[in-house]
Each structure stands twice: as structure tokens, then as C-alpha cells.
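Summary of structural features
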Amino acid sequence: APHLTPGGKMYVIGLQPIPDSVAGDANVFCKITKVRDACILLANHRCYREYPLDWIERHVQRAGLTVVETKKYPIRYDHATMVRQINVGRSKLKLFPSEGMAEEMGKVLDELEKESLEVTSRQESGRVTLGFDYVVVAEKPKDIITRMKSIL
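Residues numbered from 1 in each chain as written. Predicted model: local features only at pLDDT ≥ 70, side-chain atom pairs only at ≥ 80, totals over all residues. Heavy atoms only, no water.

**Describing the overall build of the protein**
Here is the rule: A run of H or I in DSSP counts as a helix once it spans at least four residues, and a run of E counts as a strand once it spans at least two, with each numbered from the N terminus. The buried label goes to any residue with under 20% of its type's maximum accessible area, the exposed label to any with over 50%, and the partly exposed label to all in between, with areas taken from a 1.4 Å probe on protein chains only. We call two residues in contact whenever any of their non-hydrogen atoms come within 4.5 Å of each other. Accessible areas in this description were obtained via Shrake-Rupley with a 1.4 Å probe; residue shielding takes into account the shown protein chains only. Neither His nor the chain ends contribute to the count of charged residues, in which Lys and Arg are positive and Asp and Glu negative. Charge coordinates come from a single atom per side chain, which is NZ of Lys, CZ of Arg, CG of Asp or CD of Glu.
Across its full length, the protein carries five helices and three strands. Along the protein, from the amino end to the carboxyl end, the secondary structure elements read β-α-α-β-α-α-β-α. Its C-alpha atoms give the protein principal-axis dimensions of about 60 × 40 × 20 Å. Buried positions account for 34% of the 152 residues belonging to the protein. A sequence separation of at least 24 residues applies to 83% of the contacts in the protein between residues at least 6 apart. Surface exposure of the protein reaches about 9,500 Å², of which carbon and sulfur atoms provide 54%. A distance of 8 Å separates the average location of the 23 positive side-chain charges in the protein from that of its 20 negative side-chain charges.

This is how it looks when you write it as C-alpha cells:
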């Protein structure tokens, strides 16, 4: 916020974190992300994390900015997108602590690939909708009164 001039705007672009599970066909992507993350951790690497929209809005306001607008854009996943995430998991298998563990996790990843193909094949569009990207537009107040209202 100190780098913005009064009335200046900041745009925060993010991805709402994928939930642990959801009802329906989109749950396959929740399972894929959990297994992918497990593979990353078992390879002794760190998982990337997104910030939830409500967290971003709270922290933008704490910084003395006013949230002017928030837009959400639903995400639609096709089979190829799911396979890319599965392949992230596969790329970590060689770094697992044991070959047996890597072999078993490879089987889990193969099953998820089959399931994702079945799920996306059932969809008219070939895609499932899950979660959303977001854009938060925040503005530095032009005067101290407006700024105090945004903090309180």
C-alpha cells in the first residue's frame, strides 16, 4: 500500500485453493491434487499453495486499501489438464524413499488417469467445473476519512 499514490489501484490475481473433496464428477480433480501433493512431499519437495479469496480481501483491507471489485472466473478442467497434474506426481516418483512406495503410487496415479478420462468423457463439454480464479481490485483511499472507514 505505501507504494500506491492516493486513488491508485492494485490488482491481485489468484486461484481459489482446490477443496479436499466435492460432490459429483469434479471430485476426481480433488483426488488428483491430493495425490499429486503427496508425491511432491514424498519427493522431499514443497507444494505450491494458493491464497483463498477471503484471505486476500481481509489482508488488502488490513493494508489500508479498499476492495473496489472482486470477480470470479470458474475453472473448467479437461482430461489433458488433469493428466498434466498427474504427470507432476509421476515426475516425483524417482525421488521417493523406496522403489516399492513409488511403484504403488504409480498405480494410484494410473487409476486416477483412467478415472479422469471416464469422468470427462461423460461430460457434454468434455470438462468438469471446479473452483475459480479471481481478480481483486483494491484502491488506496484518496483521503484519510475514507481510509479510516476501510480499516474499521
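**What about the pattern of salt bridges?**
The line we're drawing: In the sections that follow, a salt bridge refers to a side-chain nitrogen of Lys or Arg positioned within 4 Å of a carboxyl oxygen of Asp or Glu.
Taken as a whole, this structure holds eleven salt bridges when the rule is applied. R49 is the salt-bridge partner of D37, the closest N and O atoms lying 2.9 Å from each other. Taken as a pair, D37 in helix α1 (residues 27-42) and R49 in the loop between α1 and α2 (53-62) lie far apart in primary sequence, twelve residues in all. D37 sits in the buried class, given a relative accessible area of 12%. Among the charged side chains, a salt-bridge network with shared partners connects R36, D37 and R49.

**As for the nonpolar core**
Worth spelling out the cut-off: Here, nonpolar core means buried Ala, Val, Leu, Ile, Met, Phe, Trp, Tyr and Cys residues that are tied together by side-chain atoms lying within 4.5 Å of each other.
Counting residues in hydrophobic clusters, the biggest one holds 20 residues, and the most contacted among them are I32, C39, Y77, M82, L93, M105 and L109. At the level of elements, α1, β2 (66-78), α3 (79-92), α4 (99-122) and β3 (127-139) are the ones that each hand at least two residues to this core. At six residues, the largest contribution of residues to this core is made by α1. Of all hydrophobic cores here, the second largest spans ten residues; its members include L4, V60, Y134 and V136.

**A word on α3**
Rules: Each residue after the first adds 1.5 Å to the expected span of a helix. Whenever a nitrogen or oxygen atom comes within 3.5 Å of another N or O atom, the pair is scored as a polar contact, on the condition that within protein one atom can donate a hydrogen and the other can accept it, and that pairs from neighbouring residues in sequence are kept only if both atoms are in side chains.
The first and last C-alpha atoms of α3 sit 20 Å apart over 14 residues, in line with the 20 Å expected at 1.5 Å per residue. Along α3, the residues that are buried comprise T81, M82, V83, I86, G89 and K92. Contacts made by the buried residues of α3 are with α1, β2, α4 and β3. In this structure D78 caps α3, since a side-chain oxygen of it lies 3.3 Å from the backbone nitrogen of A80.

**Some details on the state of the cysteines**
By definition, a disulfide links the sulfur atoms of two cysteines through a covalent bond. To keep things clear, this is the line we draw: To count as a disulfide, a pair of cysteine sulfur atoms needs to be within 2.5 Å.
Evaluation of the coordinates by the stated rule reveals zero disulfides. C30 forms no disulfide, and the closest cysteine sulfur to it belongs to C47, at a distance of 15 Å. The thiol sulfur of C39 is not disulfide-bonded, and the nearest other cysteine sulfur, from C47, lies at 9.6 Å.

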